[in-house]
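Okay, here's what each chain looks like letter by letter:
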Amino acid sequence: MSFTQIFNIANVFVLPFWVLMIFLPKWEITQKVMKSYIAFIPLALAYLYLFIISITPENAQALSNPQLVDIAKFFAEEKAAATGWIHFLVMDLFVGRYIYLEGRKTGVWTAHSLAFCLFAGPLGLLSHILTYWTTQKFFSSSDTKDTAEDAVL
């Protein structure tokens, strides 16, 4: 299987998980699927494979003491770009899963944060943190505020 095929399959592979979390968060199957780490295994294996085939002795040495110019050169290669993209897919999905599970646990609305996370991972996490803090400040009893703030901080 070519790295282009792996890249394309990985892009499609993550979509059902995002659809479940955003559009069907209370569905029992969504809850069961998202409590599991199983979604990450194929993605992590794809990443491992691409990582191995994209590392050469020259770029391994350059990446051991990363400089921006070296990172740019590394990601200019298609194999390395596919590897980096799958890294984003895995980590964004992992953060999305965290947001989803925290939302289920705390009752905080997460659909908007998950959508941000799908398209711009760190912005989704920031959105969730701000939504959580806002919810705790304005819509929560004082008993749960102390416990919730301790959990986040």
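Counting restarts for each chain, with residues numbered from 1 along the sequence as it is written. Only residues with pLDDT of at least 70 get local features here, since the model is predicted, and only at 80 or more are side-chain atom pairs given and counted; chain-wide, interface and lining totals rely on the full set of residues. Side-chain numbers here rest on the full set of heavy atoms in the structure, without hydrogens or water.

A. Spotlight on the overall build of the chain. Assigned secondary structure in the chain consists of nine helices and zero strands. Elements are defined by DSSP. Helices are runs of H or I of four residues or more, strands are runs of E of two residues or more, and each kind is numbered from the N terminus. Traced from its N-terminal end to its C-terminal end, the chain shows the element sequence α-α-α-α-α-α-α-α-α. Dimensions of the chain, computed from the C-alpha atoms along their principal axes, are close to 55 × 35 × 20 Å. Expressed as a percentage of the 153 residues in the chain, the buried residues total 31%. By definition in these notes, contact holds between two residues if any of their heavy atoms fall within 4.5 Å. By sequence separation, contacts in the chain at least 24 residues apart represent 62% of the contacts at least 6 residues apart. The protein chains shown are the only cover counted for residues, whose accessible areas, like all others here, come from Shrake-Rupley with a 1.4 Å probe. Accessible area for the chain stands at about 9700 Å²; split by element, carbon and sulfur atoms hold 69% of it. Residue burial is assigned from relative accessible area. The probe radius is 1.4 Å, only protein chains are included, and a residue is buried under 20% of its type maximum, exposed over 50%, and partly exposed in between.

B. Examining a nonpolar patch on the surface more closely. The residues that make up patches have over 30% relative accessible area and no salt bridge, and they are joined within 9 Å when like-charged or within 5 Å when they are Val, Leu, Ile, Met, Phe, Trp or Tyr. Any carboxyl oxygen of Asp or Glu within 4 Å of a side-chain nitrogen of Lys or Arg constitutes a salt bridge here. A surface patch of nonpolar side chains, about 580 Å² in accessible area, is lined by Ile38, Ile41, Leu45, Leu48, Phe51 and Ile52. Along the chain, the position of isoleucine 38 falls in the loop between helix 3 (28-35) and helix 4 (40-54).

C. Fine view of the packing of helix 2 (residues 15-23) against helix 3. Angles here are taken between N-to-C directions and fall from 0 to 180 degrees, while the axes themselves are lines fitted to C-alpha atoms, restricted in helices to the stretch in contact. Contact geometry of helix 2 with helix 3 gives a least axis separation of 10 Å together with a crossing angle of 125°. By the angle between their directions, the pair helix 2 and helix 3 is classed as oblique. For the pair helix 2 and helix 3, the crossing hand works out as left-handed. In this structure, helix 2 contributes Phe17, Leu20 and Met21 to the contact, and helix 3 contributes Thr30, Val33 and Met34. Ten residue types, Ala, Val, Leu, Ile, Met, Phe, Trp, Tyr, Cys and Pro, are classed as nonpolar, four, Asp, Glu, Lys and Arg, as charged, and the remainder, Gly among them, as polar. Broken down by class, the residue content of the contact of helix 2 with helix 3 amounts to five nonpolar, one polar and no charged. For classification, angles of less than 35 degrees are called roughly parallel, those exceeding 145 degrees roughly antiparallel, those between 65 and 115 degrees roughly perpendicular, and all remaining angles oblique. Left-handed describes a crossing whose near helix is turned anticlockwise from the far helix by less than a right angle; the clockwise case is right-handed.

D. Fine view of the packing of aromatic side chains. Two aromatic rings from Phe, Tyr or Trp, using only the six-membered ring of Trp, form a pair when their centres are within 6.5 Å; if the ring planes differ by under 30 degrees the pair is stacked, by over 60 it is edge-to-face, and anything between is tilted. Under the counting rule described, the total for this entry stands at five aromatic pairs. Taken together, a centroid distance of 5.4 Å and an interplanar angle of 65° make the contact between phenylalanine 40 and phenylalanine 94 edge-to-face. With phenylalanine 40 in helix 4 and phenylalanine 94 in helix 7 (residues 78-106), the pair connects residues that are 54 residues apart, well separated along the chain. Overall, phenylalanine 40 belongs to the buried group, its relative accessible area being 9%. As a reminder, the over-ring test applies to NZ of lysine and CZ of arginine, requiring each to be within 6 Å of the ring centre and within 35 degrees of the ring normal. When the ring centre of tyrosine 37 is taken as origin, the NZ or CZ atom of arginine 97, which lies over that ring, is 4.3 Å away. The aromatic ring of phenylalanine 138 is capped on one face by lysine 137, whose charged end is 6.0 Å from the ring centroid.

E. Focus on the nonpolar core. The biggest cluster of nonpolar side chains holds 23 residues, and the ones touching the most others in it are Val14, Trp18, Met21, Leu43, Ile86, Leu93 and Leu114. Elements supplying a minimum of two residues to this core: helix 1 (3-13), helix 2, helix 4, helix 7 and helix 8 (111-139). In terms of residue count, the dominant contributor to this core is helix 7 (seven residues). With near-sequence residues (within four places) excluded, tryptophan 18 lies in contact with Asp92, Leu93, Gly96, Leu114, Cys117 and Leu118. To define a nonpolar core, start from buried Ala, Val, Leu, Ile, Met, Phe, Trp, Tyr and Cys residues and group those joined through side-chain atoms within 4.5 Å.

F. Highlighting the pattern of salt bridges. Throughout the structure, instances matching the rule amount to one salt bridge. With a closest N to O distance of 3.2 Å, lysine 105 and glutamate 102 form a salt bridge. Taken as a pair, lysine 105 and glutamate 102 lie in helix 7 at a separation of three residues, close to a single helical turn. For lysine 105, a relative accessible area of 62% corresponds to the exposed category. Residue glutamate 102 is classed as buried on the basis of its relative accessible area of 16%.

Such coordinate-based values are descriptive only and should not be taken to indicate function.
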